[in-house]
Amino acid sequence: MIYDVLVIGAGVTGTLIARELTKYNLNVCFIDKGPDAANASSRANSGIVHAGFDAESGSLKAKLNVRGCAMMKDLARDLDVAYRNTPSLVICLSEDDRGTLEELYERGIKNGVPNLRIIEKDELRELEPNVSENAVAALYAPSAGIVSPYELAIAAGENAVQNGADYFFEFEVKSINEEKDFIAVSDGNRCVCAKYVVSACGIRSDEIAEMTEDKDFDIIPRKGEYMLFDKSCAGIVKNVLFPLPSKKGKGILVAPTADGNLLVGPNANIVEKDDTDTTTAGLDEIHKGALSLVPSLPPLKNVITSFAGLRATPSTGDFIIKQSNTISNLLHLAGIESPGLASSPAIAEYVVQKLSEMGLELTENKKFEPTRPKVTRIRELSDKEIQEKIKEDPSYGKIVCRCETITEGEIIDAIRRPMGARSVDAVKRRTRAGMGRCQGGFCMPRVTEILARELGLDLSDITKYGKESKLLFGKIK
């Protein structure tokens, strides 16, 4: 089969592009080297829907950030993804830095950020009683928000499949060749052919460009480390708190998450592309940075996990969305770092527009379904609704993950959905089973059993995240 469009990469940008393409009468496919969607940067970032004041005025980042932020609430509703309209505050800790804060405000106004304003210390203290006593003012952006980034990527991919898209995971691109009527993309064993190809593979995007002898940019991998606090700590801040930005990025933030935890981080250190380890020095760095904003940060005993993600920082300083110079129907996306998550819905629109300009014929798919089937989350239901659901399906009365109140029915649904879960981590990202205080210590064996039963596999075939990450290697008598 020759697809109309192939998208390389199943992070939040790639899956939203695939979904956007299914709004038209096209045969669409997306692939990823990982075992699931949201397997790289989209599973390890702040989840902040940035308002759009940080990007340089006139840049692609600025344009797509402001547009994407405005789209996110409706998109999250359609895809049934955790989203909260949570304002952001850039904290000025010294009168000497007020000029930088005012420059940021002026840039935001030029970029079209709505209702942006500078607030003084008294109003800031009313909004955030736990902010540092050194704070003298803040830039207040009420249009910002928080979203679950991995949920968004998975939901978009699921909805794309629901609307007819195909997908292949564990497909690591080894070659891209332009034939007479199509482009052939191979992993060395399999080949997927398409009339148009979109490269949206994040940290590896320069490698795809190099494969096609079209590398005129570099990707600098910057590692950001995070600490996640227990849900009991979430009330320490109500908004997303940033320091003034630096050349390294937006800085170490303190923020609630869309799921009710407290998050601090990230730092920004240049590393190798496969370095996602957390370090003692890195975690100390983000803890110190967070304390400068919120001195009453909860004790570290309340941290339930730490993690790190990589940002694809471009050598150009701006998002790169351009037609290949060597393969006419190939579109490069590169350097989609922060605010890439916030920009992702607008990037998807923009990519389809670019493909149309490149010659892709677009006719409306009148059968396109923008909403995915609603996810039943027992923890969000009333007692009456829970009882009704259990009568309908008794598996929703069996708690598997006690920390997050996740039932067997929710795990079964995650496995049976389009682009369903095939590993323990895939179940975790779809349901939150294993994301609580015990980090899967109690529920992982039961999740493993349910996966084996539903997939018709032996327990020893179930993996943590795919490939060789097996959990069991045999049986004892």
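Here the structure is a predicted model, which means the values were calculated and not measured. (Residues numbered from 1 in each chain as written. Predicted model: local features only at pLDDT ≥ 70, side-chain atom pairs only at ≥ 80, totals over all residues. Heavy atoms only, no water.)

Caption draft 1: Expanded view of the packing of helix 10 (residues 408-416) against helix 12 (residues 444-455). Relative orientation of the contacting elements helix 10 and helix 12 amounts to 45°, with a least axis distance of 10 Å. In terms of axis orientation, helix 10 runs oblique to helix 12. The element helix 10 and its partner helix 12 pack so that their crossing is right-handed. Here E408, I411, I412, I415 and R416 of helix 10 lie close against helix 12, whose contacting residues are R446, V447, I450, L451, R453, E454 and L455. Tallied by class, the residues present in the contact of helix 10 with helix 12 amount to seven nonpolar, no polar and five charged. (Axes fitted to C-alpha atoms, helices over the stretch in contact; angles between N-to-C directions. Helix = DSSP H or I, 4+ residues; strand = E, 2+ residues; numbered from the N terminus. Parallel < 35°, antiparallel > 145°, perpendicular 65-115°, else oblique. Left-handed = near helix turned anticlockwise from the far one by under 90°. Contact = heavy atoms within 4.5 Å. Nonpolar A, V, L, I, M, F, W, Y, C, P; charged D, E, K, R; others polar.)

Caption draft 2: The arrangement of the pattern of salt bridges in detail. Across all of its chains, the model carries 41 salt bridges by this definition. Across the pair E123 and R117 runs a salt bridge whose closest N-O atoms are separated by 2.6 Å. R117 gets classed as partly exposed once you look at its relative accessible area, which sits at 35%. Ionic pairing is found between D218 and K215, a salt bridge with its closest N-O pair at 2.4 Å. Under the relative-accessibility criterion, D218 is labelled partly exposed at 40%. Residue K215 is classed as partly exposed on the basis of its relative accessible area, which comes to 35%. What you see here is one network of salt bridges that share partners, running through E408, R416, R446, E449, R453 and E454. (Salt bridge = Lys/Arg side-chain N within 4 Å of Asp/Glu carboxyl O. Buried < 20%, exposed > 50% of the residue type's maximum accessible area, 1.4 Å probe, protein only.)

Caption draft 3: Layout of the sheet that holds strand 3 (residues 48-49). With antiparallel pairing, three strands are arranged side by side in an open sheet as 3-8-4. At either end of the open sheet lies a strand with only one pairing partner, and these are strand 3 and strand 4 (83-84). In this sheet, strand 8 (residues 145-147) lies alongside strand 4 in antiparallel orientation, the contact comprising two bridges. The residue of strand 8 that forms the bridge with R84 is I146. (Pairing = 2+ DSSP bridges.)

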